[in-house]
Amino acid sequence: QVQLVESGGGLVQAGGSLRLSCAASGRTFGSYAVGWFRQAPGNEREFVAAIDWSGSNRNYAGSVKGRFTISRDNTKNTVYLQMNSLKPEDTAAYYCAATGLGTVADGSQWKYPYWGRGTQVTVSS
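Note that the structure is predicted; figures quoted are calculated from it, not measured.

Chemist: How would you summarise the state of the cysteines if you had to cite specific residues and measurements?
Modeler: Formally, a disulfide is one covalent bond, and it connects the sulfur atom of one cysteine to the sulfur atom of another. A complete count under the given rule lists one disulfide for this structure. Here Cys-22 connects covalently by a disulfide to Cys-96, the sulfurs 2.1 Å from one another. Here Cys-22 and Cys-96 share a disulfide; its torsion about the S-S bond, 70 degrees, makes the bridge right-handed. Taken together, the residues span a long stretch of sequence, with Cys-22 in strand 3 (residues 18-24) and Cys-96 in strand 9 (residues 92-99) at a distance of 74 residues. With respect to class, Cys-22 is no different from Cys-96; both count as buried.

Right, here's the structure in full:
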């Protein structure tokens, strides 16, 4: 079992930055792949970024590529999402998710059995 807790959300002006953290319990977290997803009101949850267990394979949604960076520190059982050049359309609840399929680094939500409760990101124009 893996438990995930997101933090770092908040209110920021367009063009600003935030860094989200996903802290995990469990001694085997270093073998898990992790994804970030987001859901805006009235919209379906969508893929943002994912990273494999080693950090060597990363994938991004087209809408955030070049602005967001996913990284991980397995010594701290934490995955980060650095978000730069934020836009109002980035406003959403952001969730991290984990899978024991450690080489996975994609947006297939069904592959991720463990989910956090989310952190809200609001970008004002």
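Chemist: Explain the sheet that holds strand 7 (residues 68-73) to me, using residue names and the numbers behind them.
Modeler: Remark on secondary structure: sheet strands pair via backbone hydrogen bonds, oriented parallel or antiparallel. Taken in spatial order, the four strands of this open sheet run 1-3-8-7, and their pairing is antiparallel. The open sheet has two free edges, formed respectively by strand 1 (4-7) and strand 7, since each of these has just one partner strand. Averaged over all pairs of adjacent strands, the angle between strand axes in this sheet comes to 15 degrees, irrespective of strand direction. Relative to strand 8 (residues 78-83), strand 7 runs antiparallel, the two sharing six bridges. What sits directly across from Ser-71, in strand 8, is Tyr-80.

Chemist: How would you explain the packing of aromatic side chains if you had to name every residue and give the values?
Modeler: Considering all chains together, one arrives at four aromatic pairs under this definition. Aromatic pair Phe-37 and Phe-47: ring centres 5.8 Å apart, planes at 65 degrees, arrangement edge-to-face. In this pair, Phe-37 sits in strand 4 (residues 33-39) while Phe-47 sits in strand 5 (residues 46-51), placing the two residues 10 residues apart along the sequence. Neither residue differs from the other here; Phe-37 and Phe-47 are each classed as buried. The exposure class assigned to Phe-37 is buried, which follows from its relative accessible area of 0%.

About the cut-offs
- Residues numbered from 1 in each chain as written.
- Predicted model: local features only at pLDDT ≥ 70, side-chain atom pairs only at ≥ 80, totals over all residues.
- Heavy atoms only, no water.
- Disulfide = S-S within 2.5 Å.
- Helix = DSSP H or I, 4+ residues; strand = E, 2+ residues; numbered from the N terminus.
- Buried < 20%, exposed > 50% of the residue type's maximum accessible area, 1.4 Å probe, protein only.
- Pairing = 2+ DSSP bridges.
- Axes fitted to C-alpha atoms, helices over the stretch in contact; angles between N-to-C directions.
- Phe/Tyr/Trp six-rings, centres within 6.5 Å; stacked < 30°, edge-to-face > 60°.

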